[in-house]
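Here are the chains, one letter per residue:
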Amino acid sequence: MKTLLILGAGTGGTMVANKMVHELDSREWEIIIVDRDETHYYQPGLLFIPFGIYNPRDVEKPKRDFIPLNVKLILSDIELIEPEKNRVLLSRDKQVINYDYLVIATGSHIHPKETEGLLDGGGWRKNIFDFYSPDGAAELARYLKFWKGGRMVVNVSEMPIKCPVAPLEFLFLADWFFHERGIRDQVEIVYATPLDGAFTKPRAAEVLGGMLEKKGISLEPNFNIGEVDNKKNTIRSWDEREIPYDLLISIPTNMGAEVIKRSGLGDELNFVPIDKHTLQSSAWENIWVIGDAGNAPTSKAGSVAHFMLDVLIDNMLRHMEGLEPLAEFDGHANCFIESGFEQGILIDFNYDVEPLPGKYPLPGLGPFSLLKESPANHWGKMMFRWMYWNILLKGGEMPFESQMTMAGKWQ
Amino acid sequence: MTQDILDTVAFDDDGFMEDAAAWTEEIAQAIAEALEVNLSDRHWDVIKFARQEFETQGEPPTLRLITQQTEVSMKEMYQLFPGGPAKITANIAGLKKPTGCI
């Protein structure tokens, strides 16, 4: 028997398990998936929790429900990956798993410890919150419900972060939420970002920056946080700029899993170096990486993991047959951006083409407006949760192509 | 003097050298002067690390990597190269613009 071992049962790992179970002959292959947590979180939904739009339980389901019956799920921490021995050591019962092929899908997580004074200065979860963790989002919801207003600062510690549009969506939804609560005039909203504009790519930065302005949200670009001063309720940049806050919403440094670092497989942020077009590990040819865990220069997001999926599966199958992998992944990313007041924006881009305006064709449902607010984009986003649980995770056919298309885009 | 040296070098639209292999220490000196950076030994430690990293990895190093692999702290990087340490380091080291983030 040969073994395909998948590390991580989040969006990427779960999709790989569901696809591979149909591709590999169960008389020849055993598929094992390891994860430390039994709950699957619909991570795009965390954004809605602080504003009471979703409850925490709206974004949780048991991981086991999405793993095929003939895939073995082991709930355990991962101690060490030993690629030279083709084996992985688990914490639980000190199990050792030998593999023929390894898929790393261990994702990325927030590390507030990386910023001085953020986690340990006294303000964490008092007037400093994150919304990238389920408990952070839930505690922020409780806080915002009765907040009387003041100066709210949203700060990104450093790039790259998972879902780079989420901070903007948070700002737009906050503006809407405070309007609904009738306290918008009591709240000053500030966005402090290490980027030189609202977003990474010029045309989207212009549109999104214009929206911030229209909503009365002030932008502090090129702000690289050095520390949080909990006594003065101020964030300070490395070049000594200061921004005072009453309420700080932090998007802390994002890093890959600790086990990647322990195993000597990561870069300076514990992301695994890969070939950005084939998704094969740069160092080991029987190791493949999907989603946030790799260092491909594209967005860290579920939509990207989904667009990687078919390329990754094809390339692994080719490799098993002794064929060269195909350089087919183009960095395709696709995001619905909630903009408040039941409106949304859709952006679609890849390694080479930045988000452009136009129409996104989608049989049966679309077209959706690109880089422009519309109610359809909002409903697209809200409908996506159903598609995620019922189609995407199970490896079903989604009405999106892996490679980006220029159809409908205005250049 | 500075301008004479810079005139001999091909830069891209963002002001980064088109050919990293054409870089010399004199060019670095000239770019630094144009950016009003006064190069000390500490600057050179960083610049040399960036060159060496680019030779092996093909990409200019991130700020985090520089502070992990050299003696220079984050705080000092902002003092040495005010405004955008990773970008300015790459610029003076004759490397392409760091892709940064997406």
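Residues numbered from 1 in each chain as written. Chains lettered and ligands numbered in written order. Predicted model: local features only at pLDDT ≥ 70, side-chain atom pairs only at ≥ 80, totals over all residues. Heavy atoms only, no water.

*Asks:* Explanation requested: the environment of Ile347 of chain A in the structure shown.
*Replies:* Residue and element names in this part refer to chain A. Inspection of the secondary structure assignment puts Ile347 in strand S22 (residues 343–349). Placed 24 residues apart in sequence, Ile347 and Leu371 show a C-alpha to C-alpha distance of 5.6 Å. When near neighbours in sequence (up to four residues on either side) are disregarded, Ile347 contacts Val165, Phe199, Ala333, Asn334, Cys335, Ile337, Pro355, Leu370 and Leu371. (Helix = DSSP H or I, 4+ residues; strand = E, 2+ residues; numbered from the N terminus. Contact = heavy atoms within 4.5 Å.)

*Asks:* Please explain the environment of Gln95 of chain A as it appears in this structure.
*Replies:* All names here are of chain A. Along the chain, Gln95 turns up in the loop between strand S7 (87–90) and strand S8 (96–98). As a C-alpha pair, Gln95 and Val153 span 58 residues in sequence and 46 Å in three-dimensional space. Among all residues touching Gln95, those that are not within four sequence positions of it are Ile74, Val88, Leu89 and Leu90.

*Asks:* Teacher, can you tell me more about empty space enclosed by the protein here?
*Replies:* Any empty space left between atoms is shown by rolling a water-sized probe over those atoms. Residue and element names in this part refer to chain A. Scanning the entire structure with this criterion turns up three cavities of 30 Å³ or more. For the largest cavity, the calculated volume is near 50 Å³. Every residue lining the largest cavity is listed: Gly291, Asp292, Gly294, Ala296, Thr298, Ser299, Lys300, Ala301, Val304 and Met308. When its residues are assigned to classes, the lining of the largest cavity shows four nonpolar, four polar and two charged. (1 Å grid on protein atoms, 1.4 Å probe; cavity = no way out; pocket = protein on both sides within 12 Å on 5 of 7 lines; lining within 4 Å. Points joined across faces, edges and corners; volume = space filled by probe spheres on them. Nonpolar A, V, L, I, M, F, W, Y, C, P; charged D, E, K, R; others polar.)

*Asks:* Would you mind going over unusual backbone geometry with me for this structure?
*Replies:* Leaving glycine aside, a negative phi is the common case for residues, and trans is the common case for peptide bonds. Residues and elements named next belong to chain A. Residue Met159 is joined to Pro160 through a cis peptide bond whose omega torsion reads 0°. Tracing the backbone shows Pro160 in the loop between strand S12 (150–156) and helix H3 (166–180). Unusually for a residue other than glycine, Asp93 sits at a positive phi of about 55°. Among the structural elements, Asp93 can be located in the loop between S7 and S8. Here Asp93 falls in the exposed class, since its relative accessible area comes to 65%. Even without being glycine, Glu240 reaches a positive phi, approximately 70°. With respect to the secondary-structure elements, Glu240 resides in the loop between strand S16 (234–237) and strand S17 (242–244). (Buried < 20%, exposed > 50% of the residue type's maximum accessible area, 1.4 Å probe, protein only.)

*Asks:* Hey, could you run me through the packing of aromatic side chains in this one?
*Replies:* Scanning all chains against the criterion turns up 18 aromatic pairs over all chains. For the ring pair Trp147 of chain A and Phe178 of chain A, a centre distance of 5.7 Å and an interplane angle of 55° mean the geometry is tilted. Note that Trp147 of chain A is positioned in the loop between helix H2 (134–145) and S12 and Phe178 of chain A in helix H3, a separation of 31 residues in sequence. By relative accessible area, which is 0% here, Phe178 of chain A ends up buried. Ring geometry for Trp238 of chain A versus Tyr78 of chain B: centroids 6.3 Å apart, planes at 10°, classification stacked. (Phe/Tyr/Trp six-rings, centres within 6.5 Å; stacked < 30°, edge-to-face > 60°.)

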